[in-house]
Amino acid sequence: MKKTKKVHTDLRPSKKTIKPRKAIKSNPKQLYYLFISFVLGLCLFQAVRGATLNSFKFLTLNKQCSELKYIHRDAKEKNDDLKSQLESYTSIKGIEALARNNLKMVGKNEVLVVIKKDHNSQPKNKE
């Protein structure tokens, strides 16, 4: 007698080759932790972003403040100079000095001598 081979005509795979899949279950506790983690990550991102922007704004405003201090100091010095000039020009001697120096005016029995410098002539180099 001849032995015949049995051929599987069943299309189902054998039980040994089937690996059970883990079912993905949505656990409410896991979803809650995921949501809280997302919210905390978003808060952390906003905090870092805000700190960065505030530090840049602080540096910019600090620079502007120091520039304004220099401008204020210069304006105060100029204001003090103008006040002293105003005080000197309100007296008779101050007005006379202004007329002599800036307006080239002279008093009675005085002669004005103006010496012009020649800017075109250059000193000669001796070699």
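Our structure is the block above this text.
Quick summary incoming for the structure in this document. (Residues numbered from 1 in each chain as written. Predicted model: local features only at pLDDT ≥ 70, side-chain atom pairs only at ≥ 80, totals over all residues. Heavy atoms only, no water.)

So, the packing of helix α1 (residues 28-90) against helix α2 (residues 92-101)
Applicable threshold: Note on geometry: axes are lines fitted to C-alpha atoms, helical ones only across the stretch in contact, with angles between N-to-C directions running from 0 to 180 degrees. Helix numbers and strand numbers start at the N terminus; a helix is a DSSP run of H or I with at least 4 residues, a strand a run of E with at least 2. Angles below 35 degrees are treated as roughly parallel, those above 145 as roughly antiparallel, those between 65 and 115 as roughly perpendicular, and all remaining angles as oblique. Should any heavy atoms of two residues lie within 4.5 Å, those residues are counted as being in contact. Only Asp, Glu, Lys and Arg are considered charged, only Ala, Val, Leu, Ile, Met, Phe, Trp, Tyr, Cys and Pro nonpolar, and every remaining residue, Gly among them, polar.
Their axes nearest at 4 Å, the elements α1 and α2 cross at an angle of 100°. Of the possible angle classes, the one that applies to α1 and α2 is roughly perpendicular. Contacts between α1 and α2 pair S88, Y89 and T90 from the former with I92, G94, I95 and L98 from the latter. Partitioning the contact of α1 with α2 into residue classes produces four nonpolar, three polar and no charged.

Regarding the pattern of salt bridges
Formally: Salt bridges, as used here, are contacts in which a Lys or Arg side-chain nitrogen is within 4 Å of a carboxyl oxygen on Asp or Glu.
With the rule as written, the count across this model stands at four salt bridges. Across the pair D74 and R73 runs a salt bridge whose closest N-O atoms are separated by 3.7 Å. We note a salt bridge from E110 to R100, for which the minimum N-O separation is 2.7 Å. Placement of the pair is E110 in the segment after α2 and R100 in helix α2, with a sequence separation of ten residues. By sharing partners, the salt bridges in this structure join R73, D74 and E77 into a single network.

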